[in-house]
Amino acid sequence: MSPALRLGFPAALLSYLIWGSLPLYIRAMQHIGALELLAHRVIWSVPTAILFIAIAANWRDVRAAFTGSNLKWLTLSGLLIGVNWAIYIWAVNAGRTMEASLGYYINPLVNVLFGMLIFSETLRPAQWVAVAIAAIGVGVMAFAFGRVPWVALILCITFACYSVIRKKVAIDSRAGFLVEVALLAPVALGWLIWFATTQPEGRWMGEGGTDIPLLMAAGPITAIPLILYALAAKRLRFSTIGMMQYIGPTIQFLIAVLVFKEGFGMTHAVAFGFIWTALVVFTADSLMGDAKARRLARTARPA
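What comes next is a walk through the structure. None of these values were measured; they are calculated from a predicted model. (Residues numbered from 1 in each chain as written. Predicted model: local features only at pLDDT ≥ 70, side-chain atom pairs only at ≥ 80, totals over all residues. Heavy atoms only, no water.)

## Observations concerning helix α10 (residues 218-235)
Part 1: Taking 1.5 Å as the rise per residue, α10 with 18 residues should run 26 Å; its terminal C-alpha atoms sit 27 Å apart, in good agreement.
Part 2: Counting buried residues in α10 gives 13 out of 18 residues, a clear majority hidden from the surface. (Helix = DSSP H or I, 4+ residues; strand = E, 2+ residues; numbered from the N terminus. Expected span 1.5 Å × (residues − 1). Buried < 20%, exposed > 50% of the residue type's maximum accessible area, 1.4 Å probe, protein only.)

## Here we look at the packing of helix α4 (residues 68-93) against helix α5 (residues 97-117)
Part 1: Viewed as axis vectors pointing N to C, α4 and α5 meet at an angle of 145°, and their least axial separation amounts to 7 Å. Where α4 approaches α5, its residues Asn84, Tyr88, Ala91 and Val92 are matched on the opposing element by Thr97, Ala100 and Tyr104.
Part 2: Taken together, the residues of the contact of α4 with α5 break down into five nonpolar, two polar and no charged. (Axes fitted to C-alpha atoms, helices over the stretch in contact; angles between N-to-C directions. Contact = heavy atoms within 4.5 Å. Nonpolar A, V, L, I, M, F, W, Y, C, P; charged D, E, K, R; others polar.)

## Topic: the environment of valine 179
Part 1: The topology assignment puts valine 179 in helix α8 (residues 173-198).
Part 2: Between the C-alpha atoms of valine 179 and glycine 68, which are 111 residues apart in sequence, the distance is 13 Å.
Part 3: With near-sequence residues (within four places) excluded, valine 179 lies in contact with Ala65, Phe66, Leu71 and Leu74.

## A look at unusual backbone geometry
It is generally the case that most residues other than glycine have a negative phi and that most peptide bonds are trans.
Part 1: Non-glycine residue lysine 261 carries a positive phi angle of around 60°.
Part 2: Tracing the sequence through the fold places lysine 261 in the loop between α12 (247-259) and α13 (266-300).

## Things to note about the side chain of arginine 41
Part 1: Tracing the chain through its elements places arginine 41 in helix α2 (residues 34-56).
Part 2: Despite its burial, arginine 41 pairs with no opposite charge, the nearest such side chain being glutamate 180 at 11 Å.
Part 3: A distance of 2.7 Å separates a polar atom in the side chain of arginine 41 from a polar atom in the side chain of threonine 222.
Part 4: Contacts of arginine 41, omitting those with residues within four sequence positions, involve Leu22, Trp85, Ile89, Ala218, Gly219 and Thr222. (Lys, Arg positive; Asp, Glu negative; His and termini not counted. Salt bridge = Lys/Arg side-chain N within 4 Å of Asp/Glu carboxyl O. Polar contact = N/O pair within 3.5 Å; in protein donor to acceptor, adjacent residues only side chain to side chain.)

## Considerations on a nonpolar patch on the surface
Part 1: A surface patch of nonpolar side chains, about 480 Å² in accessible area, is lined by Trp90, Val148, Trp150, Leu153 and Ile157.
Part 2: The leading source of residues in the nonpolar patch is helix α7 (residues 150-168), at three residues.
Part 3: Relative to the assigned elements, isoleucine 157 resides in helix α7.
Part 4: On the basis of relative accessibility, which here comes to 51%, the residue isoleucine 157 falls in the exposed class. (Patch = residues over 30% accessible without salt bridge, like charges linked within 9 Å, V, L, I, M, F, W, Y side chains within 5 Å. Areas by Shrake-Rupley, 256 points an atom, 1.4 Å probe, with all protein chains shown as cover.)

So this is what it looks like as structure tokens:
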């Protein structure tokens, strides 16, 4: 396994595990409004990102990120991820965690499509089969809702576009994230000041007590998986990242059903089976392909 794959795969896996568990944190903070929690996610992400960069002593990339086309693209990616966060927080607190998970089930299919159209990636026959099986599962799950799942579509589109930008911008993941949240921070801070000083229910740090450390924890909870994801996006094929992304929504789906007790019927079970079958097929083919590539590399190596 190449060094890039050794670093990229665990980074992607850990980011999806954290994202998958995020509904538990959001529901624990349900008494905090969606925009209030969003503002704290942005504000506390700034010192978190600075800490990561200071540890790595990587200030050169920060300066590069704030210049030229990098700043333009990171401004766009920051807006996309801000919209994504806001919709997701609202969905979890509105009892629509399952629909939110659907958005992240659809997202890998869009990533695979973008990988082919934008990055000229190719899929082997078994991988095409996996994508087709996953598409059937997503279609079944969408049918189960009986309406246009607009929450799922917004989450899917915003994160897929965010992923494309972060793969194309040649900036360290920590520096890029710092620029994104630094650009969003003045808006978040301005909103929080307005909310705390002019609204009857306004407050700075929730209801005090345990809310204070929990709101401050929104920074690391937000920053760590995004930085890991951006790191993985630089090292893995876009289609591989896309199929691994089923880990996150599957955890979200299980939390919605087993913890939040959202409705789950036979249609959902069928969709769930299709999607996990696709993940097994794609993963198995990817592992066999990597093993074959290593064998060919050893054969081609001079004696």
